[in-house]
Amino acid sequence: MGTALVYHEDMTATRLLWDDPECEIECPERLTAALDGLRQRGLEERCLCLSACEASEEELSLVHSLEYIALVQKTQTLDKEELHALSKQYDAVYFHPDTFHCARLAAGAALQLVDAVLTGAVHNGVALVRPPGHHSQRAAANGFCVFNNVAIAAKHAKQKYGLQRILIVDWDVHHGQGIQYIFNDDPSVLYFSWHRYEHGSFWPFLPESDADAVGQGRGQGFTVNLPWNQTGMGNADYLAAFLHVLLPLAFEFDPELVLVSAGFDSAIGDPEGQMQATPECFAHLTQLLQVLAGGRICAVLEGGYHLESLAQSVCMMVQTLLGDPTPPLLGPMVPCQSALESIQNVWTAQIPHWTSLRQILSSSTHSPEGRSLPLLGESRTCAVAENSPSPLLDRSCLRPTPPVCTAVASTVSGSVLALPPGVLQQEKSVLRGETEAWARLHKSRFQDEDLATLGKSLCLLDGILDGQVRNAIATTTALATAATLDVLIQRCLAYRSQRVLCVALGQLDRPLDLADDGRILWLNVRGKEAAIWSMFHFSTPLPQTTGGFLSFILGLVLPLAYGFQPDVVLMALGPAHGLQNAQAALLAAMLRSPVGGRILAVVEEGSILQLARTLAQALFGETPPSLGPFAMASPEEIQALMFLKTQLEPRWKLLQLLHRNRDRQTLEIN
Ligand code: Q9C
Ligand code: ZN
């Protein structure tokens, strides 16, 4: 089980044969640059490489009319003038004698990828293809696209495997209107697209690219458009879109398969998109999707016209699909005003169709119409300064993956814990004298038998901070959990950690001398009411509903974690934490993204072996088990989350919620 890479060199054959500045960017070097990038980084050899085969006429006709297929077939025999004349009948399209062969390979590659994933030959994969597909329609080529590779793959997955829920994530910078049309009234395919829109003044200039196009008939709510009305959208804007729009809906939808229309013209440097998101962002977007659909992700290349940016972004995505930890995201985690307005517009349009959105907005004093508050002053284009040097430069090397993936330190033997293969049982410890010196700070709370596990935990923490171990679990006896967490925090600070995120679940009191200088973000999950001591220390009750728990992760924990950018996460499950295994696994799995996987989880041994095992699997990279059917958050849960978010929003800008707050802040900045 691994990652498939579907490709065929023949797809470099199609190219523009005449002068056309609009079309010349869709060139064969796009594929060779992406593939060379994968080779240089040793990623190609880690994939299961599949050679693409042409899709059959029958497969193409899942989406396209026979007349259109025949028309494209005929282009094989046309001369240059005839090809040029035919091309001009479409918007931003060129034909080449090899177009039919390439386009059939591109669609065939997407089909093979879906087959490889749905037969269980691989977990996930990517198809590197030309021509792209998402603009293509039943009987029309459009925007460099000839056959709609992703739409054909989705129809195939429905027809051949009987899938009932497929999520298509289109992160290309253009609107995949072709996919939208094909599934417009189909509730079994949730189509999400963000795209450069500029109030309709950007190609393809369609009113149906706007947020109020939500699908028709039974398909209402299954088209989700997030139009960007300014260029310059960056990492924080893309993350906000995932955390506050796509992921809440995706969890509620509960897809069986995720198809990604993986265009990279939404990345920095691209001449079409003019956006600012760095290649690393695509590692994060990929990892955030990996908790869906049992990790069954099929990514199919769409656009991407800056060769270096394209190659780097493709590598980031593939590396993440292979299971490597995410690299840090650069830049301030502050979504821009225009992005927040766009997100608000999607909410307004989608609220009738999604319980997960209603629960976010129901308790706020804000009404959907409230968004029309006039903006005062010029809104900023984006968080990244216009003249800042391109983060693309000077980043040729990816950070190395730690030799040990997941380690467990426990007095309970690995065979009793039934650890998944690949998870290492840690026996090493720091020196006894050193352990005792650390424990002495907390003398009253350490029993003698706890010292052995403390020594091992300290050793694991060192391994994580040194880059030798990616993440780890340490078990403790019930009484020692708080003291262990306390010592670990001190060790992080003494070591050289700049920022430590502590997620303390259950009855774990805030250490008395806990630094409140911005180095420790302390989130305690316990009790019945939220409490806040400072912008860095607070507590919230554990939500009991699936909807409440998802809002807690997507709406609170991840925005805070991404804003804080910790070096390491300490996740402690203390007395009466109340977390179900699936909840603990999802929390751990999703916390990996903002911290590059560097999590040390502390859990009580004894009654909770299954929990330790589930956590180990999640940290190791296995998709967490389902939380169960989606149920709306309770009013109390919403109220607690809203209270915290409103209080914390001035410091943590990814917690985005209410416009009235933001307008005031914009005024202050100006
Ligand atoms: N300057 C894909 O990315 N030209 N197609 C737009 C605006 C057409 C893009 C001109 C762009 C088509 C797959
Ligand atoms: Zn595009």
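A quick note: this is a predicted structure, and the numbers were derived from the prediction, not measured.

Draft legend 1. Inspection of the packing of helix α17 (residues 546-564) against helix α18 (residues 581-591) at higher detail. Remark: α17 packs on α18, axes separated minimally by 11 Å, with the N-to-C direction vectors making an angle of 25°. In terms of their interaxial angle, α17 and α18 are classed as roughly parallel. For the pair α17 and α18, the crossing hand works out as right-handed. Of α18, the residues touching α17 (which contributes Phe 549, Leu 550, Phe 552, Ile 553, Leu 554, Val 557, Leu 558 and Ala 561) are Gln 583, Leu 586, Leu 587, Met 590 and Leu 591. A class-by-class count of the residues in the contact of α17 with α18 yields 12 nonpolar, one polar and no charged.

Draft legend 2. How the structure looks around the site of ligand 1. The local shell around ligand 1 holds 16 residues, among which Glu 22, Gly 143, His 174, Asp 265 and Tyr 305 are the closest. Between ligand 1 and His 174, the relevant distance is 3.1 Å, taken from an oxygen atom to a side-chain nitrogen or oxygen of the residue. For ligand 1, the accessible surface in isolation is 410 Å², of which the surrounding protein chains cover 86%. Considering only residue class, the shell around ligand 1 consists of seven nonpolar, five polar and four charged.

Draft legend 3. A look at the packing of aromatic side chains. Tallied over the full model, the rule gives 18 aromatic pairs. Ring geometry for Phe 144 against Tyr 305: centres 5.7 Å apart, planes inclined by 80°, an arrangement best described as edge-to-face. Taken together, the residues Phe 144 in the loop between β3 (124-127) and α6 (149-161) and Tyr 305 in the loop between β8 (297-301) and α10 (307-321) connect sequence positions 161 residues apart. The buried category is assigned to Phe 144, whose relative accessible area is 10%. You can call Tyr 305 buried: its relative accessible area is 10%. With 5.7 Å between their ring centres and 70° between their planes, Phe 222 and Trp 354 make a pair best called edge-to-face. Taken together, the residues Phe 222 in the loop between β5 (189-196) and β6 (223-228) and Trp 354 in the loop between α11 (337-350) and α12 (355-362) connect sequence positions 132 residues apart. Of the two residues, Phe 222 and Trp 354, both sit in the buried class. The structure contains a cluster of three or more aromatic residues connected by ring pairs, namely Phe 192, Trp 194, Trp 228, Tyr 238 and Phe 242. The residue whose ring lies beneath Arg 510 is Trp 533, and the NZ or CZ to ring-centre distance is 4.3 Å.

Reading the values: the criteria
Residues numbered from 1 in each chain as written. Chains lettered and ligands numbered in written order. Predicted model: local features only at pLDDT ≥ 70, side-chain atom pairs only at ≥ 80, totals over all residues. Heavy atoms only, no water. Axes fitted to C-alpha atoms, helices over the stretch in contact; angles between N-to-C directions. Helix = DSSP H or I, 4+ residues; strand = E, 2+ residues; numbered from the N terminus. Parallel < 35°, antiparallel > 145°, perpendicular 65-115°, else oblique. Left-handed = near helix turned anticlockwise from the far one by under 90°. Contact = heavy atoms within 4.5 Å. Nonpolar A, V, L, I, M, F, W, Y, C, P; charged D, E, K, R; others polar. Near = heavy atom within 4 Å. Polar contact = N/O pair within 3.5 Å; in protein donor to acceptor, adjacent residues only side chain to side chain. Areas by Shrake-Rupley, 256 points an atom, 1.4 Å probe, with all protein chains shown as cover. Phe/Tyr/Trp six-rings, centres within 6.5 Å; stacked < 30°, edge-to-face > 60°. Buried < 20%, exposed > 50% of the residue type's maximum accessible area, 1.4 Å probe, protein only. Lys NZ or Arg CZ within 6 Å of the ring centre and 35° of its normal.

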